[in-house]
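An overview of the molecular structure
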Amino acid sequence: MSVNETLIVYATKSGATEEYASMIEKVLRDKFGLEVDVVNLRKNKKPDFTPYSNVIIGSGVRRGKWYGEAKKFLDNDFGDRKVAIFLASRRAGIPEMCNEAVKNYITDVLAKHPHIKPVAAEAFGGIKKNKKERIILDLRDPAKAKTWTEELGKKTRKISYYLF
Ligand SMILES: Cc1cc2nc3c(=O)[nH]c(=O)nc-3n(C[C@H](O)[C@H](O)[C@H](O)COP(=O)(O)O)c2cc1C
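So, here is what we can say about the structure in this document.

Basis of the calculations
Residues numbered from 1 in each chain as written. Predicted model: local features only at pLDDT ≥ 70, side-chain atom pairs only at ≥ 80, totals over all residues. Heavy atoms only, no water. Helix = DSSP H or I, 4+ residues; strand = E, 2+ residues; numbered from the N terminus. Rg over C-alpha atoms; globule rule 2.2 N^0.38 Å. Buried < 20%, exposed > 50% of the residue type's maximum accessible area, 1.4 Å probe, protein only. Contact = heavy atoms within 4.5 Å. Areas by Shrake-Rupley, 256 points an atom, 1.4 Å probe, with all protein chains shown as cover. Lys, Arg positive; Asp, Glu negative; His and termini not counted. Charge placed at Lys NZ, Arg CZ, Asp CG, Glu CD. Near = heavy atom within 4 Å. Polar contact = N/O pair within 3.5 Å; in protein donor to acceptor, adjacent residues only side chain to side chain. 1 Å grid on protein atoms, 1.4 Å probe; cavity = no way out; pocket = protein on both sides within 12 Å on 5 of 7 lines; lining within 4 Å. Sits in = over half its atoms within 2 Å of the grid points. Nonpolar A, V, L, I, M, F, W, Y, C, P; charged D, E, K, R; others polar. Expected span 1.5 Å × (residues − 1). Points joined across faces, edges and corners; volume = space filled by probe spheres on them.

Before going further, it helps to spend a moment on the overall build of the protein chain. In terms of regular secondary structure, the protein chain is built from four helices and eight strands. Listed N to C, the secondary structure of the protein chain is β-α-β-β-β-α-β-α-β-β-β-α in terms of helices and strands. Compactness check: the protein chain gives a C-alpha radius of gyration of 16 Å against a globular reference of 15 Å for 164 residues, within 12% of the reference. The principal-axis extents of the C-alpha atoms in the protein chain amount to approximately 60 × 30 × 30 Å. Per-residue burial for the protein chain yields a buried fraction of 45% across its 164 residues. Summarising the internal contacts of the protein chain: among those between residues at least 6 apart in sequence, 73% fall at separations of at least 24. Entry remark: accessible area of the protein chain is about 9300 Å², with carbon and sulfur atoms responsible for 50%. Distance between charge centroids for the protein chain: 6 Å, based on 32 positive and 21 negative side chains.

On to the site of the ligand. With respect to spatial proximity, 19 residues lie near the ligand, and among them Thr 12, Ser 14, Thr 17, Val 61 and Ile 127 are the closest. A distance of 2.6 Å separates an oxygen atom of the ligand from a polar side-chain atom of Thr 12. Contact distances for the ligand include 2.7 Å between an oxygen atom and a backbone N or O atom of Ser 14. Bound to the protein, the ligand loses 83% of the 620 Å² it would expose on its own. Mapping the ligand onto the cavity grids shows that it belongs to the largest pocket. Of all elements in the fold, only α1 (16-32), β3 (54-62) and β5 (82-89) reach the threshold of two or more residues within the shell around the ligand. Here the shell around the ligand takes three residues from β3, the largest share from any one element. For the shell around the ligand, the per-class residue count stands at six nonpolar, eight polar and five charged.

Take helix α4 (residues 142-155) next. In a regular helix each residue adds 1.5 Å, so 14 residues correspond to 20 Å; α4 covers 20 Å between its end C-alpha atoms and thus fits that length. Packing partners of the buried residues in α4 comprise α1, β3, β5 and β6 (120-125).

Volume-wise, the largest pocket comes out at about 390 Å³. Taken together, the residues of the lining of the largest pocket break down into six nonpolar, eight polar and seven charged. Its boundaries defined by the atoms lining it, the second largest pocket holds a volume of some 170 Å³. Taken together, Lys 45, Lys 46, Pro 47, Glu 69, Lys 72, Phe 73 and Asn 76 make up the full set of residues lining the second largest pocket. Across the lining of the second largest pocket, the residue classes tally to two nonpolar, one polar and four charged.

Put into C-alpha coordinates, the structure is as follows:
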(Lines give C-alpha, C1' and ligand atoms only; values in the text may rest on other atoms or scores of the structure.)
Protein backbone atom coordinates (compact mmCIF):
# COMPACT_ATOMS: atom_id res chain seq x y z
CA MET A 1 0.00 0.00 0.00
CA SER A 2 1.43 3.34 -0.93
CA VAL A 3 0.73 6.62 0.78
CA ASN A 4 1.12 9.85 -1.14
CA GLU A 5 2.10 12.70 1.08
CA THR A 6 3.32 15.60 -0.98
CA LEU A 7 2.70 16.72 -4.53
CA ILE A 8 4.81 19.47 -6.06
CA VAL A 9 3.41 20.93 -9.28
CA TYR A 10 5.18 23.61 -11.25
CA ALA A 11 5.17 25.59 -14.49
CA THR A 12 8.43 26.84 -15.95
CA LYS A 13 9.68 28.40 -19.16
CA SER A 14 13.33 29.17 -18.47
CA GLY A 15 13.92 26.38 -15.95
CA ALA A 16 14.34 28.20 -12.62
CA THR A 17 11.01 27.06 -11.16
CA GLU A 18 11.81 23.48 -12.12
CA GLU A 19 15.11 23.70 -10.29
CA TYR A 20 13.42 25.10 -7.18
CA ALA A 21 10.88 22.28 -7.38
CA SER A 22 13.76 19.77 -7.34
CA MET A 23 15.45 21.54 -4.41
CA ILE A 24 12.22 21.56 -2.41
CA GLU A 25 11.62 17.88 -3.23
CA LYS A 26 15.11 16.95 -2.04
CA VAL A 27 14.82 18.77 1.30
CA LEU A 28 11.38 17.30 2.03
CA ARG A 29 12.61 13.80 1.22
CA ASP A 30 16.03 13.95 2.86
CA LYS A 31 15.26 16.05 5.94
CA PHE A 32 11.65 15.18 6.61
CA GLY A 33 11.37 11.70 5.12
CA LEU A 34 8.28 12.68 3.13
CA GLU A 35 7.13 10.89 0.02
CA VAL A 36 7.16 13.47 -2.76
CA ASP A 37 5.91 13.38 -6.35
CA VAL A 38 6.79 16.19 -8.75
CA VAL A 39 4.69 17.09 -11.79
CA ASN A 40 5.49 19.52 -14.61
CA LEU A 41 2.13 21.15 -15.39
CA ARG A 42 3.13 21.64 -19.01
CA LYS A 43 3.26 17.86 -19.38
CA ASN A 44 0.28 17.07 -17.16
CA LYS A 45 -2.10 20.00 -16.80
CA LYS A 46 -4.50 18.33 -14.40
CA PRO A 47 -2.61 16.05 -12.04
CA ASP A 48 -4.79 14.28 -9.48
CA PHE A 49 -3.91 15.93 -6.18
CA THR A 50 -6.61 14.12 -4.20
CA PRO A 51 -4.36 11.38 -2.78
CA TYR A 52 -1.95 13.94 -1.34
CA SER A 53 -2.05 15.66 2.01
CA ASN A 54 0.36 18.46 0.99
CA VAL A 55 0.26 20.35 -2.30
CA ILE A 56 3.06 22.73 -3.30
CA ILE A 57 2.48 24.95 -6.33
CA GLY A 58 5.29 26.74 -8.17
CA SER A 59 5.30 29.12 -11.12
CA GLY A 60 7.60 31.39 -13.03
CA VAL A 61 6.52 34.99 -13.68
CA ARG A 62 6.61 36.82 -16.98
CA ARG A 63 5.16 40.26 -17.70
CA GLY A 64 3.80 40.39 -14.18
CA LYS A 65 1.82 37.18 -14.49
CA TRP A 66 2.03 33.59 -13.34
CA TYR A 67 2.27 31.00 -16.07
CA GLY A 68 -1.18 29.91 -17.19
CA GLU A 69 -1.09 26.27 -16.11
CA ALA A 70 -0.04 27.13 -12.57
CA LYS A 71 -2.58 29.92 -12.27
CA LYS A 72 -5.33 27.58 -13.43
CA PHE A 73 -4.24 24.98 -10.90
CA LEU A 74 -4.97 27.52 -8.15
CA ASP A 75 -8.66 27.29 -9.06
CA ASN A 76 -8.85 23.81 -7.53
CA ASP A 77 -10.49 23.25 -4.19
CA PHE A 78 -7.74 21.74 -2.08
CA GLY A 79 -9.99 21.06 0.88
CA ASP A 80 -8.05 20.65 4.10
CA ARG A 81 -4.77 19.87 2.36
CA LYS A 82 -1.77 21.94 3.33
CA VAL A 83 -0.93 24.21 0.40
CA ALA A 84 2.30 26.12 -0.19
CA ILE A 85 3.23 28.48 -3.01
CA PHE A 86 6.56 29.44 -4.55
CA LEU A 87 7.66 31.54 -7.49
CA ALA A 88 10.71 32.29 -9.58
CA SER A 89 11.01 35.86 -10.78
CA ARG A 90 13.72 38.35 -11.67
CA ARG A 91 12.42 40.98 -9.27
CA ALA A 92 12.32 38.51 -6.41
CA GLY A 93 16.08 38.08 -6.78
CA ILE A 94 16.81 41.80 -6.46
CA PRO A 95 16.76 42.72 -2.76
CA GLU A 96 15.17 46.15 -3.20
CA MET A 97 12.46 44.69 -5.45
CA CYS A 98 11.71 41.49 -3.58
CA ASN A 99 8.95 42.92 -1.38
CA GLU A 100 7.25 44.32 -4.45
CA ALA A 101 7.51 40.90 -6.13
CA VAL A 102 5.91 39.22 -3.12
CA LYS A 103 3.10 41.77 -3.12
CA ASN A 104 2.42 41.69 -6.86
CA TYR A 105 2.96 38.02 -7.56
CA ILE A 106 1.84 36.39 -4.31
CA THR A 107 -0.32 38.65 -2.12
CA ASP A 108 -2.33 40.08 -5.01
CA VAL A 109 -2.71 36.70 -6.74
CA LEU A 110 -3.85 35.00 -3.55
CA ALA A 111 -6.36 37.81 -2.95
CA LYS A 112 -8.05 36.59 -6.14
CA HIS A 113 -8.04 33.02 -4.80
CA PRO A 114 -9.35 33.50 -1.27
CA HIS A 115 -10.14 29.80 -0.93
CA ILE A 116 -6.40 29.17 -0.74
CA LYS A 117 -4.80 29.80 2.63
CA PRO A 118 -1.20 28.70 2.12
CA VAL A 119 0.89 27.58 5.07
CA ALA A 120 3.85 29.20 3.31
CA ALA A 121 4.44 31.35 0.23
CA GLU A 122 7.70 32.78 -1.08
CA ALA A 123 9.27 34.33 -4.18
CA PHE A 124 12.77 33.31 -5.27
CA GLY A 125 15.14 34.90 -7.76
CA GLY A 126 14.99 33.67 -11.33
CA ILE A 127 17.20 33.63 -14.39
CA LYS A 128 17.45 35.36 -17.74
CA LYS A 129 18.61 33.53 -20.84
CA ASN A 130 19.75 34.90 -24.21
CA LYS A 131 18.49 33.66 -27.55
CA LYS A 132 21.02 30.86 -27.48
CA GLU A 133 19.52 29.69 -24.15
CA ARG A 134 22.62 30.69 -22.21
CA ILE A 135 22.04 32.16 -18.77
CA ILE A 136 23.02 35.84 -18.84
CA LEU A 137 21.57 36.82 -15.45
CA ASP A 138 21.46 34.38 -12.57
CA LEU A 139 19.48 35.45 -9.50
CA ARG A 140 18.73 31.96 -8.23
CA ASP A 141 19.00 31.55 -4.48
CA PRO A 142 19.23 27.89 -3.47
CA ALA A 143 20.05 28.82 0.14
CA LYS A 144 16.81 30.79 0.47
CA ALA A 145 14.84 27.92 -1.06
CA LYS A 146 16.47 25.46 1.34
CA THR A 147 15.71 27.58 4.41
CA TRP A 148 12.13 28.14 3.26
CA THR A 149 11.61 24.43 2.67
CA GLU A 150 13.03 23.56 6.08
CA GLU A 151 10.39 25.79 7.66
CA LEU A 152 7.73 24.41 5.34
CA GLY A 153 8.69 20.84 6.20
CA LYS A 154 7.74 21.47 9.83
CA LYS A 155 4.23 22.46 8.70
CA THR A 156 3.57 19.63 6.26
CA ARG A 157 1.40 16.70 7.13
CA LYS A 158 2.92 13.28 7.34
CA ILE A 159 0.57 10.36 6.96
CA SER A 160 1.08 7.69 9.57
CA TYR A 161 -0.74 4.44 9.22
CA TYR A 162 -0.67 1.22 11.05
CA LEU A 163 -1.17 -2.35 9.95
CA PHE A 164 -3.29 -4.37 12.32
C1 LIG B 1 9.53 37.90 -21.49
C2 LIG B 1 9.89 37.88 -20.02
C3 LIG B 1 9.14 38.64 -19.15
C4 LIG B 1 9.46 38.67 -17.77
N5 LIG B 1 8.71 39.42 -16.93
C6 LIG B 1 9.04 39.45 -15.62
C7 LIG B 1 8.26 40.24 -14.71
O8 LIG B 1 7.28 40.88 -15.06
N9 LIG B 1 8.66 40.28 -13.42
C10 LIG B 1 9.75 39.57 -12.96
O11 LIG B 1 10.05 39.64 -11.78
N12 LIG B 1 10.47 38.79 -13.79
C13 LIG B 1 10.14 38.71 -15.10
N14 LIG B 1 10.87 37.94 -15.96
C15 LIG B 1 11.95 37.08 -15.42
C16 LIG B 1 11.41 35.69 -15.06
O17 LIG B 1 10.60 35.79 -13.92
C18 LIG B 1 12.56 34.70 -14.83
O19 LIG B 1 13.08 34.39 -16.09
C20 LIG B 1 12.18 33.45 -14.09
O21 LIG B 1 13.34 32.63 -14.03
C22 LIG B 1 11.02 32.74 -14.76
O23 LIG B 1 10.78 31.46 -14.20
P24 LIG B 1 11.19 30.14 -15.03
O25 LIG B 1 12.70 30.19 -15.18
O26 LIG B 1 10.75 29.01 -14.19
O27 LIG B 1 10.51 30.18 -16.34
C28 LIG B 1 10.57 37.90 -17.31
C29 LIG B 1 11.30 37.13 -18.22
C30 LIG B 1 10.97 37.12 -19.56
C31 LIG B 1 11.78 36.27 -20.52
